[in-house]
Amino acid sequence: MKNARHLADEIRPTGFTCLMCGGCCSRGEDDGNLVLVSAPEIRAIMDFTGLAWDDIAEPYPDMMPAEGGGEFTLAWCLRRTETACIFLNENNRCTIYPARPLICRTYPFAWEEGKLSVYACPGIGQNTLCNEADTIAEECIRREGAEAEDAERTGEIFMTMDLKPGEYAVVDSEGVKRIG
Ligand code: SF4
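Residues numbered from 1 in each chain as written. Predicted model: local features only at pLDDT ≥ 70, side-chain atom pairs only at ≥ 80, totals over all residues. Heavy atoms only, no water.

## Focus on the overall build of the chain
Looking only at helices and strands, one finds five helices and nine strands in the chain. Counting from the amino terminus, the chain carries its helices and strands in the arrangement α-β-α-α-β-β-β-β-α-β-β-α-β-β. On C-alpha atoms alone, the chain measures out to a radius of gyration of 18 Å, which is about the 16 Å that the 2.2 N^0.38 rule sets for 180 residues. With the C-alpha coordinates aligned to their principal axes, the bounding extent of the chain is approximately 55 × 40 × 30 Å. A burial count over the chain gives 36% of its 180 residues as buried. Excluding contacts between residues fewer than 6 apart, the proportion of contacts in the chain whose partners are at least 24 apart in sequence is 62%. Taken as a whole, the chain presents about 10400 Å² of accessible surface, with 52% of it coming from carbon and sulfur. The average position of the 17 basic charges and that of the 31 acidic charges among the side chains of the chain differ by 3 Å. (Helix = DSSP H or I, 4+ residues; strand = E, 2+ residues; numbered from the N terminus. Rg over C-alpha atoms; globule rule 2.2 N^0.38 Å. Buried < 20%, exposed > 50% of the residue type's maximum accessible area, 1.4 Å probe, protein only. Contact = heavy atoms within 4.5 Å. Areas by Shrake-Rupley, 256 points an atom, 1.4 Å probe, with all protein chains shown as cover. Lys, Arg positive; Asp, Glu negative; His and termini not counted. Charge placed at Lys NZ, Arg CZ, Asp CG, Glu CD.)

Okay, here's the thing in structure tokens:
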């Protein structure tokens, strides 16, 4: 596992500063900007907002055929308006900031397969050094652990899935959830 201090040393020279442009929370030109959210994160947003699960998240749209019939997907995404995440307000501020998912806390960075990934963002290179490097590094490492734990639990549940033809489900770390 990567040490947060060493990861911060890699993040700091990128000069990242969030410009509050809302770009990472918006659909983008290719509409590919889906924000993945785990079952525990959806529960945290439910607690924070009082909203129901289905008001917060929708199934990841790429369904796969299940053995023996039915179709499934392995992820949830935050719901979006026609332009952006439902939690982005008109001032480009996140209205669930204390409960936002780890992917939002770490963007444009991720600690993936033993190396730092840096995704496209106009905030890169804004400063000589990234002032938030220590916090982002800690969140990247927390995210890596949470995602690994979630994937392991989801994998165990996936092995028990028994969908019938015509059934659709999201498999997450809580169970097989039949939809629609
Ligand atoms: S939860 Fe907040 S930070 Fe994450 S995409 Fe939505 S508005 Fe942006």
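## Overview of a nonpolar patch on the surface
On the surface, a nonpolar cluster with roughly 390 Å² of combined accessible area is contributed by Met64, Leu74, Phe158 and Met159. Within the element layout of this structure, Met64 appears in strand 3 (residues 64–65). (Patch = residues over 30% accessible without salt bridge, like charges linked within 9 Å, V, L, I, M, F, W, Y side chains within 5 Å. Salt bridge = Lys/Arg side-chain N within 4 Å of Asp/Glu carboxyl O.)

## Regarding the sheet that holds strand 9 (residues 175–179)
Paired through their backbone hydrogen bonds, the strands of a sheet run either parallel or antiparallel. Reading across the sheet, the four strands line up as 3-4-8-9 and stay open at both edges, with mixed pairing between neighbours. Pairing within the sheet leaves two strands with one partner each, and these edge strands are strand 3 and strand 9. Where strand 4 (residues 71–73) meets strand 8 (residues 168–172), three bridges bridge the pair, whose relative direction is parallel. Looking across to strand 8, one finds that Phe72 is bridged to Ala169. (Pairing = 2+ DSSP bridges.)

## Examining the pairing of strand 6 (residues 109–112)
Side-chain positions along a regular strand alternate between the two faces of the sheet. The pairing of strand 6 with strand 7 (residues 115–118) spans four bridges and is classified as antiparallel. Bridged to Glu112 within strand 7 is Lys115. Count of turn residues in the strand 6/strand 7 antiparallel hairpin: two residues, of which Glu113 carries a positive phi of about 50°.

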